[in-house]
Amino acid sequence: MRILGIDPGLQTTGFGVIDADGPRLAYVASGTIKTTGVAVGDLPARLKILFDGIREVAARYQPQCAAVEIVFVNVNPQSTLLLGQARGAALTALVSVDLPVSEYTALQMKKAIVGHGHAKKEQIQAMVQRLLNLPGLPGKDAADALGLAVMHAHARVSFEAMSRSTTLQRRQHAQFKGGRTY
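How each quantity is defined
Residues numbered from 1 in each chain as written. Predicted model: local features only at pLDDT ≥ 70, side-chain atom pairs only at ≥ 80, totals over all residues. Heavy atoms only, no water. Helix = DSSP H or I, 4+ residues; strand = E, 2+ residues; numbered from the N terminus. Buried < 20%, exposed > 50% of the residue type's maximum accessible area, 1.4 Å probe, protein only. Contact = heavy atoms within 4.5 Å. Core = buried A, V, L, I, M, F, W, Y, C linked by side-chain atoms within 4.5 Å. Salt bridge = Lys/Arg side-chain N within 4 Å of Asp/Glu carboxyl O. UniProt positions renumbered as here; feature names shortened; annotations may be inferred.

**Student:** Is there a simple way to explain the overall build of the chain in this structure?
**Tutor:** A count of helical and extended segments in the chain gives five helices and five strands. Secondary structure of the chain in N-to-C order comes out as β-β-β-α-β-α-β-α-α-α. In the chain, which comprises 182 residues, the share counted as buried stands at 40%. Of all intrachain contacts in the chain linking residues separated by at least 6 positions in sequence, the fraction that spans at least 24 positions is 56%.

Below, the structure written as structure tokens:
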């Protein structure tokens, strides 16, 4: 199965593509989509670059599913809102090409890749390099995206095993009744 990982960001969005065959993982591609060439105040143009860039990556590498990082509230609420819009552009691009999307927190990815949820970017880069047998360190944003793809490759196996043994019920968060489901 080919998996596309996305680490959304308004200035730099990381992507990573891997092939998973059971426990075997193979690196396919990684990189970043940058919006730094557009004026900071031109949010629609920046979101369009992200949307088009993710669609281009999906068209080029033909993944069967995608994993995207969930964004939490940061110290600056304005930054959080802008990052949420970048994440929305990424999610929209993925579902527009009919990819099933799974979402994971940064803490979940760090714990799965490094072994603890408060790992530094450099630790993620080093572990991704080892796990995928890369000749050098991937960039920070690409490493996060590759980490999401690796995590999804392993989590997917567990979720599929659980679904074979029992019927999974989708839960609704009490605060968002009728809204976002898990």
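**Student:** Looking at this structure, I do not really get the nonpolar core. What am I missing?
**Tutor:** Nonpolar side chains in soluble globular proteins tend to be buried together. L4, I6, F15, I54, V57 and L94 are the most contacted members of the largest nonpolar core, which has 23 residues in total. Those elements that provide at least two residues to this core are β1 (2-7), β2 (12-21), β3 (24-34), α1 (43-61), β4 (65-70) and α2 (77-96). Looking at which element gives the most residues to this core, the answer is α1, with seven residues. Other than its neighbours up to four places away in sequence, V57 contacts L4, F15, V17, I33 and Q62. The next biggest cluster of nonpolar side chains, apart from the first, holds 22 residues, and it includes A20, I124, A149 and A153.

**Student:** Is there a simple way to explain the pattern of salt bridges in this structure?
**Tutor:** Should the charged atoms of two oppositely charged side chains come close, the side chains can pair. Summed over all chains, the structure comprises seven salt bridges. Among the ionic pairs, D21 bridges to R24, the shortest N-O distance being 3.1 Å. Taking relative accessible area as the criterion, R24 reaches 55% and is therefore assigned exposed. We note a salt bridge from R60 to E56, for which the minimum N-O separation is 3.3 Å. Of this pair, R60 and E56 both sit in helix α1, separated by four residues, roughly a single helical turn. Owing to a relative accessible area of 47%, E56 belongs among the partly exposed residues under this scheme.

**Student:** Just to check I follow, could you spell out the UniProt feature "binding site: Mg(2+) 2" (unreviewed entry) in the chain for this structure?
**Tutor:** In the numbering used here, UniProt assigns the feature "binding site: Mg(2+) 2" (unreviewed entry) to E69. As for its placement among the helices and strands, E69 is situated in strand β4. On the accessibility criterion, E69 (14% relative accessible area) is buried. Setting aside its immediate chain neighbours within four residues, E69 contacts I6, D7, P8, R87, Y104, T105, A106 and L148.

**Student:** Looking at this model, I keep getting lost on unusual backbone geometry. Mind explaining?
**Tutor:** Negative phi values dominate among residues other than glycine, just as trans dominates among peptide bonds. Its identity as a non-glycine residue notwithstanding, Q62 has a phi of 50 degrees, on the positive side. Among the secondary structure elements, Q62 is positioned in the loop between α1 and β4. On the basis of relative accessible area, Q62 is assigned to the exposed category, the value being 54%. Unusually for a residue other than glycine, D98 sits at a positive phi of about 60 degrees. In this fold, D98 is placed in the loop between α2 and β5 (101-105).

**Student:** Would you mind going over the UniProt feature "binding site: Mg(2+) 1" (unreviewed entry) in the chain with me for this structure?
**Tutor:** What UniProt calls "binding site: Mg(2+) 1" (unreviewed entry) maps, in this numbering, to D7 and D141. Across 135 residues of sequence, these annotated residues stay compact in space, with a maximum C-alpha separation of 6.4 Å. Here D7 shows up in strand β1. Classification of D7 as buried rests on a relative accessible area of 6%. Aside from chain neighbours lying at most four places away, what touches D7 is T12, T13, G14, E69, K121, D141, D144, A145 and L148.

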